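# A structural walkthrough
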Amino acid sequence: MVKILPGRKSNLALWVLIILTSTALAVFFFVFKKTATAPMLSPNSDSSSSAKVATKAEPKPPDLTLENIFAGQPVSLSDLDQSKIVTLIATGDVIPARGANYPPVKSGNFHYNWEKTRAFLKAGDITLINLEAPIIKGCPLISTGFTFCGDSRHIQGIVWAGVDVASLANNHIGNFGSEGISETIEILERAKVEYSGFGHLGRKKVKGVSFGFLAYNGIGVKIDRAALASEIKKAKPKVDILVVSVHWGKEYESLPMTDGNIAPDDPVELGHLMIDSGADLVVGNHPHWVQGVEIYQPKGLPSASAKGKLITYAHGNFIFDQTWSAETQEGVVGTYSFYKGELVRVHYTPIKVGIKYQPFFATGKTATKILKQMVDSSKKLAK
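What comes next is a walk through the structure. (Residues numbered from 1 in each chain as written. Predicted model: local features only at pLDDT ≥ 70, side-chain atom pairs only at ≥ 80, totals over all residues. Heavy atoms only, no water.)

### Some words on the layout of surface pockets
- The volume enclosed by the largest pocket comes to roughly 240 Å³.
- When the residues that make up the lining of the largest pocket are grouped by side-chain class, the tally is eight nonpolar, five polar and four charged. (1 Å grid on protein atoms, 1.4 Å probe; cavity = no way out; pocket = protein on both sides within 12 Å on 5 of 7 lines; lining within 4 Å. Points joined across faces, edges and corners; volume = space filled by probe spheres on them. Nonpolar A, V, L, I, M, F, W, Y, C, P; charged D, E, K, R; others polar.)

### Here's the deal with the state of the cysteines
- Overall, the coordinates contain one disulfide when judged by the stated rule.
- Disulfide partner of Cys-139: Cys-149, at an S-S distance of 2.0 Å. Judged by the sign of its S-S torsion, about 90 degrees, the cystine formed by Cys-139 and Cys-149 is right-handed. One end of the pair, Cys-139, is in the loop between β3 (135–136) and β4 (150–151); the other, Cys-149, is in the loop between β3 and β4, with 10 residues separating them in the sequence. (Disulfide = S-S within 2.5 Å. Helix = DSSP H or I, 4+ residues; strand = E, 2+ residues; numbered from the N terminus.)

### A few points about the packing of helix α7 (residues 225–235) against helix α8 (residues 267–277)
- For the pair α7 and α8, the least separation of the axes is 8 Å and the interaxial angle reads 35 degrees. Judged by the sense of rotation from one axis to the other, the crossing of α7 with α8 is right-handed. Facing Arg-225, Leu-228, Ala-229, Ile-232 and Lys-233 of α7, the residues of α8 in contact are Glu-269, Leu-270, Leu-273, Met-274 and Ser-277.
- Tallied by class, the residues present in the contact of α7 with α8 amount to six nonpolar, one polar and three charged. (Axes fitted to C-alpha atoms, helices over the stretch in contact; angles between N-to-C directions. Left-handed = near helix turned anticlockwise from the far one by under 90°. Contact = heavy atoms within 4.5 Å.)

### Re the sheet that holds strand β10 (residues 281–285)
- Strand order in the open sheet formed by six strands is β7-β8-β9-β10-β12-β11, with mixed pairing between adjacent strands. Each edge of the open sheet is held by one strand with a lone partner, namely β7 (202–206) and β11 (293–296). With strand direction ignored, the average angle separating the axes of adjacent strands in the sheet is 20 degrees.
- Sheet analysis places β11 next to strand β12 (residues 309–312), joined by four bridges and oriented antiparallel. Considered in β12, the bridge of Ile-295 is made with Leu-310.
- In this fold α7 packs onto β8 (209–217) and β9 (241–247), with an angle of close to 170 degrees to the strand it touches most, β8. (Pairing = 2+ DSSP bridges.)

Take a look at the structure:
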C-alpha cells in the first residue's frame, strides 16, 4: 500500500496517475499477445478449428467471340489446367476419288494425300473428317463424272494421319450402293476409326471426356426436323460433348443458303435447330468454298450455357480434285478446344489443295484472303 502524507495533494494525484497508467499498459500487452498468436481470418472465414484455408479462384476461360476466333494468334489458354483441355480438329471435304485417287494408286503410297498435313492433324486429341466417297476394293480409276469412290487402301492414309472419326452422311457416300457403304464402314471399323451417320452415334473418350458424333445429309433430300431433334436430344445425355456434322447448302457460295430441290434445307435454320436440340458444336460441309461461322445462343434448354454455341457452315475442300478455281482449291482446318465441357477457343488454319491433291498450309496473301472471306461471311451472318 502506498502511504500518502498529510497535505500533499500533488503527491496523491501523481500516484493515482501512475497506478492507472500501469493498469492500462498491462491490459494492452495482454490483448496484443492474444491477438498476435491468433490465426488471421478472412471476413467470410469459419472461426472453428475445421475452417478451410481459402483457395485461389480458378482462372476464367476466354469468351467465345468472333474477335477471338479470328485474332491473329489463338487466344491463350496457359492459365487453365492443361490436363483438362481437349482439342478437336476438323477438316473440310475428303474425297479420295477421281484425280485424288490416281497418285496413291499408281505409286502404291496411300500416305500421299496426307503427307503435308499429317503432323498437324495428329496433334489434336480427336481428328474428324467428312469422308465423301466410299472406299472399296476394285474402285475403278476414273477422271470424269460424278460417281465417286476411292481405293480401299486409302484407309492406310486415314489411319496414318491420325483420323479418329469419319462422317459418312453426304451425297456421294452411296455412289456404289448400299454395298459400298457397308464395305466402307467395315474398313473403318477394322482400322478402329469411328464413324457417324445413318443413325449411328460415334463415340470417343479422351482425358475422361466423352465425345459423341452424329451426322446428317441435306443434299438431294429434306432432313426430317422432328427425327433430327429427337435423335440429338436422346444422344446428348449419353456424352459430355455432342458434335453434329452436316452436309448442306448451295455449292460455290460464301454464305449458307438453300438450292432448290438440290439442297432444300436452310442451313441457318437447321443449324439453330441442332443447337436448340442439344448439339455443342455443328460442323458443316459440302459447298466446296469456305463459309463463315455463327455463335448462336440456344433456346428452350433448361441447362443451356449462358454462352453461345458455334455453328461452322463450311470448311471448304481438303482432299479433292476441284482445281478449276481458286476458291475450290481453298479450305480451312478448324481447331476446337474444349475445357470442362465448354468450347473455349476456336482457330482456323488456311490450306490450299493444289493440283497435286496434297493439301498444304497456306501462307502470306493467300492465307489472308481465305480468312478474310471467312470473316466477311461471319459478320454478315451476325447481322
